[in-house]
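Structural overview for review
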Amino acid sequence: MARPDPSEQHRSAPGRRAVLRTGLLAAGGLGVATVAATSPTSPSSAGLPAPDGGLAERPGSSPGTGASGTRSAGDTVAFRGARQAGVVDAPQPFASFVGLDLPPGATRETCARLMRVWTDDIERLMAARGPLTDLEPELAAVPSRLSVTVAVGPGFYDAAGLAADRPAWLAPLPSLPIDRFTDDWPQTDLLLQVRADSPVAVAHAQRRLVVGADPLAVQRWVQRGFREPLTDTRPGLVFRNQFGQVDGTVQPRVDGPDDPLVWIGGDGAPAPKGLRDGSSVVVRRIAMNLETWDEADRTARENAVGRTLSTGAPVTGERASDPPDLLATDGLGFPVIDAASHMRRAMPAEPHERILRQPYSYDDAPAPGARTNTGLVFVSFQADPVRQFLPLQRRLAEADLMNIWTTPIGSGVYAVLPGAQPGEVLGAALLA
Ligand code: HEM
């Protein structure tokens, strides 16, 4: 197999694009013609992160990155506040997502006790002190910007006798034709997102929180992920996924203007019980087939997403921040940005169809006989996943050239609890 030449620029050649389109249509009879010719609401021009990534530090947080972009292993992130850490902060390079279930017979008291334990343990861990029961507190002494974010699934509401208060969007996503879920990554009652600049800090915090929760909650699965290496201290949300693509270019702004897209009640609207200043998180495990990706040439790869691999610029532009020209055609009249390209299909059809993506790569040990076990822990935050996330996920399920190489194998939807103010316990307003 020939290695792709990074200098190759054959975007006007229809060959590979035509092949892929034909293959896609043959595979699913997909309605690529329904894609609008222009996307007036494209956030490419309106919603780009600010030069600093549009990322505001949480009040009271130690700076995640100093003015020079440096990070220190001693940096901490504030636990106390109206909103939890780990949603709009610049994502740390290492993460662990832990799905847990409440035990059979769990009640509201079980949920409340769990939240008391976790509030205390998380506050201590994020402040570089081990939980009271920590037998290895030395491992907590190097916090490396540790943040822990707690979210709850539909089962939590049922156990707590709060089914009537559960927001309608807090439910597994409807089944989509691209889904190939295994039994390994189901929806759970609870989700912990543990992130830090150091895998040691992540591993320790994860273990202490899971051990501390037992028997109030039991671990069901763990998904580990990584982003840019520790040496890369640029702030911001953009990273390269394992396809080599610049991922996370077009995002809502998280320094204020787009607050209502991410935070529940961010626009002052009524919020479901106990969730004002919370959010929702969708976690999807998406396998990426590196073997077949290796067979695609550079043109096909760039065509699939609609952006160049080198800079992440739209294939009609020069810089990542350039707005895509959806009307541009090549010499043969084909759109330069393929109607079924991932970017084009993921663009918002309505202004509210925008989400904050904070994905992580995974690259786990392959099964015997396989060469890779690689993909994306796709993570997105939004105030309402049914209104904001589902329409674009449906469009991607209907037609997206990237589906040739990607397969969703797990999915969960969770409500991110509001933050805990001084003296408060996480989830207090919900469980009151
Ligand atoms: C393995 C799976 C996926 C990969 C490798 C991937 C990769 C990418 C890349 C490279 C871009 C272009 C740069 C950027 O703006 O970030 C992009 C854009 C985007 N993706 Fe994905 N993505 C994946 C799955 C998803 C899923 C599941 C969703 C949501 C349902 C999604 C939503 C978006 C959105 C909203 C954009 C921005 C579109 C715009 O330009 O307005 N992606 N993705």
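Here's a quick rundown of the structure. Worth saying up front: this structure is predicted, and the values here are computed from it rather than measured. (Residues numbered from 1 in each chain as written. Predicted model: local features only at pLDDT ≥ 70, side-chain atom pairs only at ≥ 80, totals over all residues. Heavy atoms only, no water.)

Some points on the overall build of the protein chain
When helices and strands are counted, the protein chain shows 12 helices and 11 strands. The buried share of the protein chain, reckoned over its 432 residues, is 55%. If you take every contact in the protein chain between residues at least 6 apart in sequence, the share linking residues at least 24 apart comes to 78%. Roughly 17,500 Å² of accessible area belongs to the protein chain as shown, and the carbon and sulfur atoms make up 56% of that amount. (Helix = DSSP H or I, 4+ residues; strand = E, 2+ residues; numbered from the N terminus. Buried < 20%, exposed > 50% of the residue type's maximum accessible area, 1.4 Å probe, protein only. Contact = heavy atoms within 4.5 Å. Areas by Shrake-Rupley, 256 points an atom, 1.4 Å probe, with all protein chains shown as cover.)

Things to note about the pairing of strand 11 (residues 406–416)
For a regular strand, the rule is simple: side chains alternate between the two faces of the sheet. Among the 11 residues that make up strand 11, 10 are buried, leaving the element largely enclosed by the rest of the structure. Pairing between strand 2 (residues 147–152) and strand 11: 2 bridges, direction antiparallel. Bridged to Val 152 within strand 11 is Ala 415. Here strand 7 (residues 279–288) pairs with strand 11 via 10 bridges, running antiparallel. Paired with Met 288 across the two strands is Thr 406, which belongs to strand 11. (Pairing = 2+ DSSP bridges.)

What about empty space enclosed by the protein?
For the structure on display, the rule yields 5 cavities of 30 Å³ or more. Of the volumes computed, that of the largest cavity is approximately 800 Å³. Residue lining of the largest cavity: 43 residues in total, with Asp 247, His 342, Ala 346, Arg 357 and Leu 396 positioned closest to the centre. Residue assignment for the lining of the largest cavity shows that the elements contributing at least two residues are helix 2 (43–46), strand 6 (246–247), strand 7, helix 9 (342–346), strand 10 (374–382), helix 11 (390–398) and strand 11. Each residue belonging to the lining of the largest cavity can be placed in one class, and the counts come to 23 nonpolar, 13 polar and 7 charged. Forming the walls of the second largest cavity are Phe 97, Thr 149, Ala 151, Leu 191, Leu 192, Gln 193, Val 281, Phe 381 and Val 416. Going through the elements one at a time, strand 2 and strand 3 (190–196) are the ones with two or more residues in the lining of the second largest cavity. Among the residues making up the lining of the second largest cavity, the classes are represented as 7 nonpolar, 2 polar and no charged. (1 Å grid on protein atoms, 1.4 Å probe; cavity = no way out; pocket = protein on both sides within 12 Å on 5 of 7 lines; lining within 4 Å. Points joined across faces, edges and corners; volume = space filled by probe spheres on them. Nonpolar A, V, L, I, M, F, W, Y, C, P; charged D, E, K, R; others polar.)

Some points on the environment of Val 425
By the element assignment, Val 425 lies in the loop between strand 11 and helix 12 (428–431). C-alpha separation for the pair Val 425 and Arg 80, spaced 345 residues apart in sequence, amounts to 10.0 Å. When sequence neighbours within four positions are dropped, the list of residues in contact with Val 425 reads Met 115, Arg 116, Thr 119 and Ala 420.

Focus on the site of the ligand
By nearness alone, 26 residues border the ligand, and Gly 248, Thr 249, Val 250, His 342 and Arg 357 come closest of all. His 342 places a polar side-chain atom, nitrogen or oxygen, 2.9 Å from a nitrogen atom of the ligand. With respect to the ligand, the side chain of Arg 357 contributes an N or O atom lying 2.9 Å from an oxygen atom. The cavity that encloses the ligand is the largest cavity. At the level of elements, strand 6, strand 7, helix 9, strand 10 and helix 11 are the ones that each hand at least two residues to the shell around the ligand. A per-class count over the shell around the ligand returns 16 nonpolar, 7 polar and 3 charged. (Near = heavy atom within 4 Å. Polar contact = N/O pair within 3.5 Å; in protein donor to acceptor, adjacent residues only side chain to side chain. Sits in = over half its atoms within 2 Å of the grid points.)

A closer look at the side chain of Ser 361
For Ser 361, the position within the fold is in strand 9 (residues 360–363). Its relative accessible area of 1% is what places Ser 361 among the buried residues. Those residues in contact with Ser 361 that lie beyond four places of it in its chain are Arg 224, Gly 225, Phe 226, Phe 239, Arg 240, Asn 241, Gln 242, Gly 375 and Leu 376.

Here's the deal with the pattern of salt bridges
Tallying each qualifying case throughout the model produces 19 salt bridges. A salt bridge links Glu 123 to Arg 80; the shortest N-O distance between them is 2.9 Å. Separated by 43 residues along the polypeptide, Glu 123 in helix 3 (residues 108–126) and Arg 80 in the loop between helix 2 and strand 1 (94–101) bring together distant segments of the chain. A salt bridge links Glu 109 to Arg 116, with the shortest nitrogen-to-oxygen separation between them at 3.2 Å. Through salt bridges that share partners, Asp 134, Glu 136, Arg 207 and Arg 208 make up one connected network. (Salt bridge = Lys/Arg side-chain N within 4 Å of Asp/Glu carboxyl O.)

Observations regarding the coordination of the iron atom of the ligand
Just one protein atom donates to the iron atom of the ligand; it is His 342 (NE2), sitting 2.1 Å from the metal. By the secondary structure assignment, His 342 is in helix 9. (Donors = N, O, S within 2.8 Å, 3.2 Å for Na, K, Ca; no water.)

Here we look at the packing of helix 3 against helix 5 (residues 199–213)
At a minimum axis separation of 10 Å, helix 3 and helix 5 run at an interaxial angle of 155°. Classified by the interaxial angle, the pair formed by helix 3 and helix 5 is roughly antiparallel. When the axes of helix 3 and helix 5 are compared, the crossing they make is right-handed. Contact residues: helix 3 offers Leu 114, Val 117, Trp 118, Asp 121, Ile 122 and Leu 125, while helix 5 offers His 204, Ala 205, Arg 208, Leu 209, Gly 212 and Ala 213. (Axes fitted to C-alpha atoms, helices over the stretch in contact; angles between N-to-C directions. Parallel < 35°, antiparallel > 145°, perpendicular 65-115°, else oblique. Left-handed = near helix turned anticlockwise from the far one by under 90°.)

Some details on the packing of aromatic side chains
Taken as a whole and judged by the stated rule, the model has 5 aromatic pairs. Relative to Trp 293, the ring of Phe 243 has its centre 4.0 Å away and its plane inclined at 15°; by these criteria the two rings are stacked. Taken as a pair, Phe 243 in the loop between strand 5 (239–240) and strand 6 and Trp 293 in helix 7 (residues 290–295) lie far apart in primary sequence, 50 residues in all. Across the pair, Trp 293 and Phe 243 agree in class, each one buried. Between Phe 378 and Phe 389, the ring centres sit 6.0 Å apart and the planes meet at 50°, which makes this aromatic pair tilted. Here Phe 389 lies in the loop between helix 10 (385–388) and helix 11 and Phe 378 lies in strand 10, a separation of 11 residues in the sequence. Of the two residues, Phe 378 and Phe 389, neither departs from the other in class, the shared state being buried. Through a chain of ring-to-ring contacts, three or more aromatic side chains come together here, namely Phe 243, Trp 293 and Trp 405. The ring of Trp 185 is capped by Arg 285, whose NZ or CZ atom sits 4.0 Å from the centre of that ring. For Arg 285, the ring lying beneath its charged end belongs to Tyr 362, and the centroid distance is 3.7 Å. (Phe/Tyr/Trp six-rings, centres within 6.5 Å; stacked < 30°, edge-to-face > 60°. Lys NZ or Arg CZ within 6 Å of the ring centre and 35° of its normal.)

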